[in-house]
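Coordinates in review
One letter stands for each residue in the lines below.
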Amino acid sequence: MTRTVAGSGAARAAWSSNLSVYLCTAGASVGLGSIWRFPYLAGTGGGSAFILIFILACVLVATPLLAAEFALGRASRLSPPDAAGAVAVAAGGSPRWNAIGILGTLAAYLIFSYYTVIAAWVLAYAWKCAIGLLAAAGPQHVAALWTEFQSHPVEVAAWHAGFVAMVIVISARGLQGGIEPANRIRAPALLVLLLILVVYSLTTGDVRRGLSFAFKPDFSAVNAQVVLSAIGQAFYATGVGQAMMIAFGAYIERGTSLVRTSLVITGSILLVSLLATMMIFPLVFGYGMNPAQGPALVFDVLPRVFTEIPGGRFIGTLFFLLLVLAATTPSIALLEPVAAWVMSRFRVGRVAAVWIIGGSSWVLGIGSVLSFNRWSDWYPLSFIPVFAHKTVFDVLDYVSSNIMMPVGALLTSLLVGWRVSKAFARDELAESTPLARVACVWLLRYVCPIAILAVFIATLV
């Protein structure tokens, strides 16, 4: 039995069951990136060859890192900025390892500010599709509708405020009153909507060309950049380095396998990513659209498809509702590390903490809203070469995703793999098999640092 390294664990909330642990941790990771980013990367990166590399990256890199983050949270029972330092001190190390949680919490805060802007876009489009605006625009004017929407920052900011308020209300109700019920509803609803859309796509789209584009193995397309892209997608999809799993780990009771929980997350991500790929490309090819447009698929290519297909208004509404569901629980999870720190640091209740964090993040998100209209030509850090042509949105994304997250993940692998005693891994991974424990530590020591450094250096270069 591992002792809690800090004395605050008794006052912490806890998940009500292992099922809640699985649903909520998977819900934190399975988001928009799995539905609109993965299909494009797979289709242009070698099909099933890319998917194979992605699976290996999830299992060999993301899974041990997730288990390590859970372990830091569960062992310390502290908010993320204090968790790693407490574990390190208990092992005779320095409290400066708190850099792990500090970087992750800052990254979560920054990502929440712009991720919820993207979520606001899909929320607005769910409404526009439902009331018939997309159908009325027709295929020739869908792009103009998107441009017009983006040119009105007040409208976008209002949708942003609505989505953030929804996340705040859910989070303010606490672990068992808000977060768990939201995930219990979201998980089956997302899967049902996704399956409906997959069946529709496979019965009405060009299945042969669509699935061939997405899944046909093309090893000639696999190069160093594709491999790094697959590893990066594994980081991006699982949320490693965002302190979410440190925060959620503090609520996990003894008896729950951290390795199994991590595998549930990566398995869920893979399932949703593959289903989303089967949903998107048969429709895109069936209606003669360009599949190689990345995120533009969501607001340009697919909306044009929805204006042409039978029942397109209904199917389009389901699609954007699917994206709203995909964005909701990751947003709740992004709020959690920061809220946990505010509650611990300033001794305030959850309701006050989530409103403070959510409200201030919404204000920060206005910069991202304006990056697509009035501030589209403003590059606030243009005096730094790497930021020379980056808007506020781009800066927030780059700093959080390409600097804070990989540095935090690297420090996590070094702390758990090298610095803490073997007893820490043995006790925190006690619910796993001996082979799983040994494999997890070995991967954290040797494989994860190399993979993280490779992606980090490639991104900077």
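Residues numbered from 1 in each chain as written. Predicted model: local features only at pLDDT ≥ 70, side-chain atom pairs only at ≥ 80, totals over all residues. Heavy atoms only, no water.

1. Focus on the environment of Met343
Position of Met343 among the secondary structure elements: in helix H15 (residues 312-346). Separated by 186 residues in the primary sequence, Met343 and Ala157 have C-alpha atoms spaced 27 Å apart. Met343 has contacts with Val348, Gly349, Arg350 and Ala353, leaving out every residue within four places of it along the chain. (Helix = DSSP H or I, 4+ residues; strand = E, 2+ residues; numbered from the N terminus. Contact = heavy atoms within 4.5 Å.)

2. Comments concerning helix H8 (residues 153-172)
For H8, spanning 20 residues, the distance from its first C-alpha to its last is 28 Å, which sits close to the expected 28 Å at 1.5 Å a residue. For H8, the full list of buried residues reads Pro153, Val156, Ala157, His160, Phe163, Val164, Val167, Ile168, Ile170, Ser171 and Ala172. As for H8, its buried residues are in contact with helix H5 (99-130), helix H7 (142-150), helix H9 (175-204), H15 and helix H16 (350-370). The positive-phi residue at the C-terminal boundary of H8 is Gly174, with phi of around 90°. (Expected span 1.5 Å × (residues − 1). Buried < 20%, exposed > 50% of the residue type's maximum accessible area, 1.4 Å probe, protein only.)

3. Comments concerning H5
Compared with the 46 Å implied by 1.5 Å per residue over 32 residues, the 45 Å span of H5 between its first and last C-alpha is a close match. In the structure, H5 departs most strongly from a straight axis at Phe112, where the bend amounts to approximately 30°. Of all 32 residues making up H5, 25 are buried, and the element is well covered by its neighbours. A positive phi of about 95° marks Gly132, the residue just after H5. (Bend = angle between axes of the 7 residues up to and from the residue.)

4. Structural notes on the environment of Pro406
Within the element layout of this structure, Pro406 appears in helix H17 (residues 392-419). Given the relative accessible area of 11%, Pro406 is considered buried. On a C-alpha basis, the gap between Pro406 and Phe319 in space is 32 Å, while along the polypeptide they are 87 residues apart.

5. Thoughts on the packing of aromatic side chains
Inspection of the entire model under this criterion finds 27 aromatic pairs. Ring centres of Phe319 and Phe320 lie 5.2 Å apart, and the angle between their planes is 75°; this geometry places the pair in the edge-to-face category. Like Phe320, Phe319 is buried. For the ring pair Phe372 and Phe393, a centre distance of 5.1 Å and an interplane angle of 70° mean the geometry is edge-to-face. Linking Phe372 in the loop between H16 and H17 with Phe393 in helix H17, this pair joins segments that are 21 residues apart in sequence. Residue Phe372 is classed as partly exposed on the basis of its relative accessible area, which comes to 32%. Its guanidinium or amino end placed over the ring of Phe346, Arg345 lies 5.3 Å from that ring's centre, counting from NZ or CZ. (Phe/Tyr/Trp six-rings, centres within 6.5 Å; stacked < 30°, edge-to-face > 60°. Lys NZ or Arg CZ within 6 Å of the ring centre and 35° of its normal.)

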